[in-house]
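One letter stands for each residue in the lines below.
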Amino acid sequence: MTREEFMDRVLLPLGRLTAEERESVRRELEEHVEDRMEAMLDMGWDPALAESRCLEAMGDPVEIGREMARQYRGWGWLWLGRAAVALTFVMCVLALLGLGMLGAAWDNLQVRLRPSPAISTGKVENIEAEADLDIRAEVGNDILRIYQVFIGEKEGQRSAMVLACMYDRLPFGIVADNLCNRSELWNERGGTGNSAGGRGNYGVEYAVRWTPVEPGDTCVIWEYRAFGETIRLEIPLPGGEETA
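Fair warning: this is a prediction, and the values are worked out from it, not measured in the lab.

### A closer look at the packing of aromatic side chains
Tallied over the full model, the rule gives 1 aromatic pair. When the ring of Tyr147 is compared with that of Tyr206, the centres are 6.1 Å apart and the planes differ by 75°; the resulting orientation is edge-to-face. Of this pair, Tyr147 sits in strand β2 (residues 142-154) while Tyr206 sits in strand β6 (residues 204-212), and the two are 59 residues apart along the sequence. For Tyr206, a relative accessible area of 5% corresponds to the buried category.

Encoded structure:
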């Protein structure tokens, strides 16, 4: 079955949609097929085989359309569109990656409200100041979030350590990896430190970086580079005059 045939069969039970709404559903499904294929291609799959397996993993296209029509009839186009995305994600993820992906989806949801507590503060000695942050930036389909900063000693230097995470905008989306390796933390003099660690799964990626700072410094800069795009986020240092 070609991708075009698959999309037509999903849309068949949704006869009440306008032409514009049907095109929107098709476009959303196409985008998420491409997203899933991209993850598989990164793992070395042949493009034709990746598309075929991705479509197979979604299940019966007619049943997908029927379930969408039954469950979301009368809720309006907004909820129907969200349901289409969520249902497609669930079926594709469960088939391709198993139940373990549900844990990644849970992490993706959790990180939007409360990211993991400081995963590397034990590597910072004599902490003199810290602050919770909520600095976010869109990076393609993902969100980069800066959520904590510390000032203390790192490798014998007064340093700032910043904690960040990245997650897909959609709960069952696959986040880009290598957040730590694609990021640098710069001080006001253009100096940078090293990675202090990172971890993650399909749902969310965490990273910790540090850089030396001096009394009087007011901020550091988190720089993320990927896919030809550079994101620079200014991070205020905690403590103000108390740490100067």
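What follows picks up the thread again.
### Some points on the nonpolar core
Nonpolar side chains tend toward joint burial in soluble globular proteins. Residues Leu144, Ile146, Val162, Val220, Trp222, Tyr224 and Ile235 are the most contacted members of the largest nonpolar core, which totals 26 residues. Secondary structure elements with two or more residues in this core: β1 (125-139), β2, β3 (157-168), β7 (219-226) and β8 (229-236). Excluding its chain neighbours within four sequence positions, the residues that come into contact with Leu144 are Ile135, Arg136, Ala137, Val139, Ala164, Cys165, Met166, Leu179, Trp222, Tyr224, Ile231 and Leu233. Grouped together as the second largest cluster of nonpolar side chains are 15 residues, Leu14, Val33, Ala50 and Leu55 included.

Here is what the cut-offs are and how they apply
Each residue is numbered by its place in its chain's sequence as written, counting from 1. Since the coordinates come from a predicted model, pLDDT governs what is reported: local features require at least 70, and pairs of side-chain atoms require 80 or more to be given and counted, while whole-chain, interface and lining totals use all residues. Remark: hydrogens and water are excluded; side-chain values derive from all non-hydrogen atoms of the structure. Planes of paired rings set the category: under 30 degrees apart is stacked, over 60 is edge-to-face and the rest tilted, where pairs are Phe, Tyr or Trp rings (Trp by its six-membered ring) whose centres lie within 6.5 Å. Note on conventions: DSSP H or I runs of at least 4 residues are helices, E runs of at least 2 residues are strands, and numbering of each starts at the N terminus. Each residue is assigned to one of three classes by its accessible area relative to the maximum for its type, calculated with a 1.4 Å probe on protein chains only: buried under 20%, partly exposed between the two thresholds, exposed over 50%. To form a nonpolar core, buried Ala, Val, Leu, Ile, Met, Phe, Trp, Tyr and Cys residues must be joined to one another through side-chain atoms within 4.5 Å. In this description, contact between two residues means that some pair of their heavy atoms is separated by no more than 4.5 Å.

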